[in-house]
Amino acid sequence: MVNTLEGEKPGGDRNVWRQAISGTVLVGFGLAILMISWNYSAGSLTQMGPGFMPRVIAVALVAMGLGILVSDLRGTAQSYDEPIHWRALIFVSAAVLIFVTLVEPAGLVPAMFCAVAASKLANSRAGLLSIVIYSAAVTLAGYFLFIVALGLPLTVFGR
């Protein structure tokens, strides 16, 4: 049986199609990306061209969208009655914006530290000490991964 959205009667055709919208949107985006990237050279797995990753992402989006669509239409999708966690949504989104804003002028380390600290604020039970320790640990791991191990040409502190 298909789980209903609030205020709708079970078994209604309108509800089934409403739930299937998310899968349809993913399939549509995937097909659009595939069409746009079709004229780019894909290359091979060892010599990737500019069209390789867009095609991989497009196929993954179409596959996920079809999976969601089939799940919704078969009625095996779960209904979530929980409210939206606004605090998490706001702070995680802010963390992405903070990183994008700070990475060029301030460098990788400050941008990463501030972004991780902002994302930790999504948890209402996180204390100041745990935020600082976690942010420092993730920033240190990011430094070793991106700067030391991969040798990416990123500024560490400022321009």
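Residues numbered from 1 in each chain as written. Predicted model: local features only at pLDDT ≥ 70, side-chain atom pairs only at ≥ 80, totals over all residues. Heavy atoms only, no water.

(A) Up close: the overall build of the chain. Along its length, the chain carries five helices and zero strands. Listed by position from the N terminus, the elements making up the chain come as α-α-α-α-α. In the chain, buried positions account for 25% of the 159 residues. Considering only intrachain contacts with a sequence separation of at least 6, the fraction spanning at least 24 residues in the chain is 53%. Put simply, the chain shows about 11,100 Å² of open surface, and 70% of that area lies on carbon and sulfur atoms. (Helix = DSSP H or I, 4+ residues; strand = E, 2+ residues; numbered from the N terminus. Buried < 20%, exposed > 50% of the residue type's maximum accessible area, 1.4 Å probe, protein only. Contact = heavy atoms within 4.5 Å. Areas by Shrake-Rupley, 256 points an atom, 1.4 Å probe, with all protein chains shown as cover.)

(B) Expanded view of the packing of aromatic side chains. Across all of its chains, the model carries one aromatic pair by this definition. Ring plane angle 70 degrees and centroid distance 5.4 Å describe the contact between Tyr-143 and Phe-144, whose orientation is recorded as edge-to-face. Residue Tyr-143 is classed as partly exposed on the basis of its relative accessible area, which comes to 28%. Stacked on the ring of Trp-38, the Lys or Arg Arg-55 has its end atom at 4.9 Å from the ring centre. A cation over an aromatic ring shows up here: Lys-120 above the ring of Tyr-134, its NZ or CZ 4.8 Å from the ring centre. (Phe/Tyr/Trp six-rings, centres within 6.5 Å; stacked < 30°, edge-to-face > 60°. Lys NZ or Arg CZ within 6 Å of the ring centre and 35° of its normal.)

(C) Structural context of the packing of helix α4 (residues 108-120) against helix α5 (residues 128-149). Look at α4 against α5: their axes get within 8 Å of each other, and the N-to-C directions meet at 140 degrees. It follows that α4 is oblique to α5 by the angle criterion. Regarding α4 and α5, the two cross each other, and that crossing is right-handed. Across the interface between the two elements, Leu-108, Val-109, Met-112, Phe-113, Val-116, Ala-117 and Lys-120 of α4 pack against Ser-130, Ile-131, Val-132, Tyr-134, Ser-135, Ala-136, Val-138, Thr-139, Gly-142, Tyr-143, Phe-146 and Ile-147 of α5. (Axes fitted to C-alpha atoms, helices over the stretch in contact; angles between N-to-C directions. Parallel < 35°, antiparallel > 145°, perpendicular 65-115°, else oblique. Left-handed = near helix turned anticlockwise from the far one by under 90°.)

(D) Molecular detail of the UniProt feature "transmembrane region" (unreviewed entry) in the chain. As recorded in UniProt, the feature "transmembrane region" (unreviewed entry) lies at residues 20-40, 52-70, 90-116 and 128-152. When the span residues 20-40 is considered, its composition is 86% helix and 0% strand, and the gap between its end C-alpha atoms is 31 Å. End-to-end, the C-alpha atoms of residues 52-70 are 27 Å apart, and along that stretch the chain is 100% helix and 0% strand. (UniProt positions renumbered as here; feature names shortened; annotations may be inferred.)

(E) Just α4, in detail. Here α4 spans 18 Å end to end across 13 residues, near enough to the 18 Å set by a 1.5 Å rise per residue. Listed in full, the buried residues belonging to α4 are Leu-108, Val-109, Ala-111, Met-112, Ala-115, Val-116, Ala-117, Ala-118 and Lys-120. Residues of α4 that are buried sit in contact with α3 (86-106) and α5. (Expected span 1.5 Å × (residues − 1).)

(F) Focus on the environment of Val-138. Inspection of the secondary structure puts Val-138 in helix α5. Those residues within four positions of Val-138 in sequence are excluded, and the remaining contacts are Met-112 and Val-116.

(G) Molecular detail of the side chain of Arg-55. For Arg-55, the position within the fold is in helix α2 (residues 52-74). Contacts of Arg-55, omitting those with residues within four sequence positions, involve Leu-34, Ser-37, Trp-38, Tyr-40 and Ala-42.

(H) Layout of a nonpolar patch on the surface. Taken together, Leu-45, Met-48, Met-53, Val-56 and Ile-57 make up a surface patch of nonpolar side chains, about 490 Å² in accessible area. For Met-53, the position within the fold is in helix α2. (Patch = residues over 30% accessible without salt bridge, like charges linked within 9 Å, V, L, I, M, F, W, Y side chains within 5 Å. Salt bridge = Lys/Arg side-chain N within 4 Å of Asp/Glu carboxyl O.)

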